[in-house]
Amino acid sequence: MDIKIQGGKVVTASETFKADVGIKNGKIVQLAGKIDQPAGRTISAQGCFVLPGAIDVHTHLAMPFGGTVSADDFETGTRAAAFGGTTSLIDFAIQGKGQSLAQALETWHQKAEGKACIDYGFHLAVTDATPKVMEELGQVVKEGVTSFKVFLAYKGSLMIDDGAFFKILRRAREVGALTMLHAENGEIIDVLIKEALEAGHTAPIYHALTRPEEAEAEATGRGIALADMAGAPLYVVHLSAALALDQVKMAREAGLPIMAETCPQYLLLDIKRYQEPRFKGAKYVMSPPLRDKANQPFLWDGLAQGDLQVVATDHCPFNFKGQKEMGKDSFAAIPNGAPGIEHRVLLMYNEGVRKRRFSLNRMVDLLATTPAKIFGLAPAKGSVAVGADADLVVLDPKADLKISARSQHMNVDYTPYEGYTGKGAVAAVLSRGRVILEGKKFLGQPGQGRFIKRKAFSYVA
Ligand code: URP
Ligand code: ZN
Ligand code: ZN
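Residues numbered from 1 in each chain as written. Chains lettered and ligands numbered in written order. Predicted model: local features only at pLDDT ≥ 70, side-chain atom pairs only at ≥ 80, totals over all residues. Heavy atoms only, no water.

Engineer: Any chance you could break down the site of ligand 1 for me, citing the residues and the numbers?
Structural biologist: In the vicinity of ligand 1 there are 14 residues, among which Y154, H182, S287, D314 and N336 approach most closely. Take S287: an N or O atom from its main chain is 2.8 Å from an oxygen atom of ligand 1. In the environment of ligand 1, an oxygen atom lies 3.4 Å from a nitrogen or oxygen atom belonging to the backbone of G337. Contact with the protein chains covers 100% of the free accessible surface of ligand 1, which is 260 Å². (Near = heavy atom within 4 Å. Polar contact = N/O pair within 3.5 Å; in protein donor to acceptor, adjacent residues only side chain to side chain. Areas by Shrake-Rupley, 256 points an atom, 1.4 Å probe, with all protein chains shown as cover.)

Engineer: Mind laying out the coordination of the zinc ion (ligand 2), listing which residues take part and the relevant values?
Structural biologist: Donor atoms from the polypeptide that coordinate the zinc ion (ligand 2) comprise K149 (NZ), H182 (ND1) and H238 (NE2), at 2.1 to 2.6 Å from the metal. If you look at the zinc ion (ligand 2) and the zinc ion (ligand 3), they sit 3.8 Å from each other. Taken together, the residues span a long stretch of sequence, with H182 in strand β12 (residues 178–182) and H238 in the loop between β13 (234–236) and α8 (242–253) at a distance of 56 residues. No difference in accessibility class separates H182 from H238, as the two residues are buried. (Donors = N, O, S within 2.8 Å, 3.2 Å for Na, K, Ca; no water. Helix = DSSP H or I, 4+ residues; strand = E, 2+ residues; numbered from the N terminus. Buried < 20%, exposed > 50% of the residue type's maximum accessible area, 1.4 Å probe, protein only.)

Engineer: Hey, could you go over the coordination of the zinc ion (ligand 3) for me, with residue numbers and the actual values?
Structural biologist: Every protein donor of the zinc ion (ligand 3) is accounted for by H58 (NE2), H60 (NE2) and D314 (OD), and the metal-donor separations fall at 2.0 to 2.1 Å. Given four donor atoms and angles of 89 to 134° at the metal, the environment of the zinc ion (ligand 3) is assigned as tetrahedral. Linear spacing of the donor residues for the zinc ion (ligand 3) on their chain is H-x1-H-x253-D. Under the relative-accessibility criterion, H58 is labelled buried at 0%. Owing to a relative accessible area of 9%, D314 belongs among the buried residues under this scheme. (Tetrahedral: all angles 85-135°; square planar, octahedral: opposite > 155°, others 65-115°.)

Engineer: Describe in detail the packing of helix α7 (residues 213–230) against α8, supporting the description with residues and values.
Structural biologist: At a closest axis distance of 7 Å, the pairing of α7 and α8 adopts a crossing angle of 20°. As far as their axial angle goes, α8 and α7 are roughly parallel. The element α7 and its partner α8 pack so that their crossing is right-handed. Taking contact as the criterion, the partners of E213, E214, E216, A217, T220, G221 and I224 in α7 are, on α8, L243, A244, Q247, V248 and A251. Here the residues of the contact of α7 with α8 sort into six nonpolar, three polar and three charged. (Axes fitted to C-alpha atoms, helices over the stretch in contact; angles between N-to-C directions. Parallel < 35°, antiparallel > 145°, perpendicular 65-115°, else oblique. Left-handed = near helix turned anticlockwise from the far one by under 90°. Contact = heavy atoms within 4.5 Å. Nonpolar A, V, L, I, M, F, W, Y, C, P; charged D, E, K, R; others polar.)

Engineer: Can you break down the pattern of salt bridges residue by residue, with the values?
Structural biologist: Pairing is possible between side chains of opposite charge, provided their charged atoms come close. All told, the structure shown has 25 salt bridges when counted by the stated rule. Two residues, D119 and K381, come together in a salt bridge whose shortest N-O distance is 2.6 Å. Of this pair, D119 sits in strand β10 (residues 119–125) while K381 is found in the loop between α12 (360–374) and β16 (392–402), placing the two residues 262 residues apart along the sequence. Just as D119 is buried, K381 falls in that class too. Each of K27, D119, K381, D389, D391 and R432 takes part in one network of salt bridges that share partners. (Salt bridge = Lys/Arg side-chain N within 4 Å of Asp/Glu carboxyl O.)

Printed below as a string of structure tokens:
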């Protein structure tokens, strides 16, 4: 046995039990009350929880967007992920206009290769659905990229029309992929942005005011209707508003294969942040925008009741200095996105589990087990089980937590959670049986993370 994690409480999506975890050749080989067999190395987890490594299915590393590039690349982003207890991520490879999907994927492979410190996969964002590209989607699935994202917003850059969206839904079903949807009505938002700018409204708050909840709910409902017509499953990303959640709930009650994720920012932060003085509101410019606080209890309920199945981050960091500042004269020029990859696990532990909104098992389900199943990573990833990859997190619940840009590892000059205090620390992290974090020390290596060829879509959560 290579490694033994001793004396911790193992937590899965369905059970919590005291057990030692035995690891050999990167896999979990034994789970038992006490493992007496000697191991090359023993890690004490006394008083700690042993969780499956969290999986972040929504990240944007080194992504060209809004006239700049997101500030974390695959090295800094995956290292920060590990510090926060995340051991796998799925990033969005974006097809440029006129580009083949092979070119888009090659670009993303090059971004990741030799840099990633944890395992990673790709979704493919289709922005130019030519007949040739539709054909190519079959090959993409064969290469282990089994989910496609479409944007109904960002008119003039990433947005596609309903016809293209419908064709992608049908083709995805045919080739065994899941379609993911950015649900905002880009046409209406475009009108509202132009009107706001014409009226001289340039401040960050207008980012939120020109992207109303109704525009998200409408696009969510439309997406569901088109998926139903195509006979295809749909996964709604970064759901932020109760009105949009109603659409998802209704569809699920009707038995449709519709799933949705939300993100910590929509659960913890609200629209008031855009009013921070000296342009600081720009830090929270993301799409969909932060909403009125009244939405949050509905989102928490959705997570607890199973109407929402995943918490991901939509990690898309831009520095305040030099990047967010590009929009000093116009909110529409502020690059959209915010950092979050490092803080998701402990924020959900504090706000979800410690505040008794859901159990620790449900947290594991939302952050690891269900994302692994939906996105074709299970059974190797997403659970603590014999035969699974030894992607593990030792979480110390007694440690004090304080979040600050000064101590974080993301390559960005702020955190939306500055000054947040709570409990818990990621005490150790293993990636396929290698200890990549212990104490506060990073022991991983760029290039250690492997590309995950994901399975075809088969699981509706
Ligand atoms: O503001 C955001 N969410 N930026 C990243 C791109 C996207 O829409 O997911
Ligand atoms: Zn999006
Ligand atoms: Zn995103």
